Structures are given as C-alpha cells and as structure tokens.
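# Reading the structure
Here's the letter readout for the chains.
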Amino acid sequence: MARERERTLSELEDPAWGPVADEAPAGARPLGAWGSADAGGVSFAGARIDTLLLCGGAIARPGAVRFGSRQARRSLTLPGLLGIHVVFAPVSPRPLLLGLVRLLNVCSELIYVEYTETWDVGEGSYRPALGACERRTPHAIWALADASAVVRAVPPGPSPRRGLALDIRIALPPSSRRELCFAYVRCTPPEEPAGLVRAFRGDVLKELERTFGTGH
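Keep in mind that what you see is a predicted model, and the values were worked out from it rather than measured.

It is worth spelling out the environment of Asp 38 at this point. Checked against the element boundaries, Asp 38 lands in strand β3 (residues 35-38). C-alpha separation for the pair Asp 38 and Ala 64, spaced 26 residues apart in sequence, amounts to 9.8 Å. In this structure the side chain of Asp 38 is engaged in a polar contact, spanning 2.9 Å, whose partner is the backbone nitrogen of Gly 40. Engagement of the side chain of Asp 38 in a polar contact is seen with the side chain of Arg 48, the distance being 3.4 Å.

Now the structure itself:
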C-alpha cells in the first residue's frame, strides 16, 4: 500500500515542474521577493499559506515541505484521495505567488471533497468578492483569489476575524483528477489586485512550467 501511494503521488507531479528535494535548507528559502518556504511551511508577505482538505469525515493537512526551483510542494493524503499542493513565484517581478492543487480519486467510488485554501494575513478591513477575498489598509492590500479558468471558490461565511480563506466543494468520480488554482497578492494602492489575478487566471499550470523552463 505504501509503495502504491508513493507511486501515485509521484504521478501527480509533472517533470516539467522541475526537481524537488526533501532536505530542508538551512533557514528559509526565498520564493520571489515577498515569499519564503522552510521546513515549517510556506509564507508570503509575512503570513502563512495553508490548506485544509476534508473527505468522508477525514481531514488532511499538508505533509512535509519539499523544495524546488522557486517553489515549495506538499502532499495531501486521505483514504482514497491523494493530492499535491504547489506554491511558486512566477518569473515576472509581480507582488504575488501562485498556487496549484492537483487532486486524484484513487478509489472505485464517487467522492465529495471540501477544500479550503488559507492565507493568515492579520491586517486590514475584510471584504469578500466573487471567487476572492481581501484585507485592505490605506497602505496595502492583501488578496486571495481563485485563479482557475472557471471560478468555483467562495469566501466562507460569516466573515473571519483574521486571515483570508476560500472554500471549494467538488465531486470526484473514480480515477478522476482535478486542478485548483490560486493567487496570493500583496500590492500597494493605487494598484489593485484584480488586474494581477486576471493576468494569470487560467494560466497557472503553464506559468509553473514556464518558470521552471527558464532555468530560474
């Protein structure tokens, strides 16, 4: 069972994403200008990025961080369900990180998945939007957005006291795979996060492949 699970997890990853190492670096590894990853997880603009996966009454949180080129990967494992969570910095010098989640149903039945992406920013007034949410101060805006071609994520209700989160509920037929994409933006007014998200919407997987392909 362990060998089969390991083999399937490796199949979720694409060689075009580049190699990763299990060994944690001595200290944090930068992800672009604002992000970093260490053995404890992934951070952007000083706040942790995390994920929560529920299926069949079981809960999965990310596994150990593996480090690659401008990226960090973590596995998600539940009975009958496997996943990979990748956070990376695109080559273009933008104030954002991108996230790709790939889920695979490895059982013989239809399963229902509840997925939550979180970013633990603590400042600013909260505002939900279609497929996104943000916290805003006079000097900075933090936004978490669904960057998939088809927007399915919704902000949770009621409004959280701190942090940003997006929820997605999906059905996975046997042996099927789904990809979820996210953008994490920290910009300074008058720049708005919506334009940065639109630049990568529906293109996160290709951007991950381009980022590795440049050799950065």
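From this point, the narrative continues.
Moving on, we come to helix α2 (residues 193-200). Within the span of α2, buried status applies to Pro 193, Leu 196, Val 197 and Phe 200. End-on view of α2: buried residues confined to an arc of 100°, all on one side of the axis. Just past α2, the residue Gly 202 takes up positive phi, approximately 75°.

Further remarks concern the pattern of salt bridges. Within this structure, the stated rule accounts for 12 salt bridges. Two residues, Arg 210 and Asp 203, come together in a salt bridge whose shortest N-O distance is 2.6 Å. Each of Arg 127, Glu 134, Arg 136 and Glu 192 takes part in a single network of salt bridges with overlapping partners.

Further remarks concern the packing of aromatic side chains. Scanning the entire structure with this criterion turns up three aromatic pairs. Pairing Phe 44 with Trp 119 gives two aromatic rings, centres 5.4 Å apart and planes at 25°, and the pair type is stacked. Remark: Trp 119 occurs in strand β11 (residues 111-119) and Phe 44 occurs in strand β4 (residues 41-44); sequence separation between them is 75 residues. Trp 119 carries the same exposure label as Phe 44, and that label is buried.

A few words on unusual backbone geometry. Gly 157 connects to Pro 158 through a cis peptide bond whose omega is -5°. Take Pro 158: it is sitting in the loop between β14 (141-146) and β15 (164-172). Unlike most non-glycine residues, Ala 45 shows phi in positive territory, near 55°. Classification of Ala 45 as partly exposed rests on a relative accessible area of 22%. Here Ser 175, not a glycine, exhibits a phi torsion of approximately 65°, which is positive. Within the element layout of this structure, Ser 175 appears in the loop between β15 and β16 (177-187). The exposure class of Ser 175 is exposed, given its relative accessible area of 61%.

What follows deals with the nonpolar core. Membership of the largest hydrophobic core comes to 39 residues, with the highest contact counts inside it found for Leu 53, Leu 81, Leu 103, Val 113, Trp 119, Phe 182 and Tyr 184. If sequence neighbours within four positions are ignored, Leu 53 has contacts with Ala 58, Ile 59, Ala 60, Leu 76, Leu 78, Leu 81, Leu 103, Val 113, Glu 114 and Tyr 115. In terms of nonpolar packing, the next biggest core, distinct from the first, is built from 24 residues, Ala 132, Ile 141, Ala 145 and Ala 147 among them.

On to the confidence of the model for the protein chain, then. Chain-level statistics for the protein chain give a pLDDT mean of 89 and a share of 92% at 70 or above. Low pLDDT, under 50, characterises residues 1-5; the predicted model gives this stretch two contacts beyond four residues in sequence or across chains.

Attention now moves to the pairing of strand β5 (residues 47-55). Note: β4 against β5, three bridges, orientation antiparallel. Pairing of Phe 44 across the sheet is with Ala 47, part of β5. Hairpin connection of β4 to β5: two residues between the antiparallel strands, including Ala 45 at a positive phi of 55°. Summarising the sheet, β5 and β11 pair through seven bridges and their orientation is antiparallel.

About the thresholds
- Residues numbered from 1 in each chain as written.
- Predicted model: local features only at pLDDT ≥ 70, side-chain atom pairs only at ≥ 80, totals over all residues.
- Heavy atoms only, no water.
- Helix = DSSP H or I, 4+ residues; strand = E, 2+ residues; numbered from the N terminus.
- Polar contact = N/O pair within 3.5 Å; in protein donor to acceptor, adjacent residues only side chain to side chain.
- Buried < 20%, exposed > 50% of the residue type's maximum accessible area, 1.4 Å probe, protein only.
- Arc of directions from axis to C-beta.
- Salt bridge = Lys/Arg side-chain N within 4 Å of Asp/Glu carboxyl O.
- Phe/Tyr/Trp six-rings, centres within 6.5 Å; stacked < 30°, edge-to-face > 60°.
- Core = buried A, V, L, I, M, F, W, Y, C linked by side-chain atoms within 4.5 Å.
- Contact = heavy atoms within 4.5 Å.
- pLDDT = per-residue confidence, 0-100.
- Pairing = 2+ DSSP bridges.

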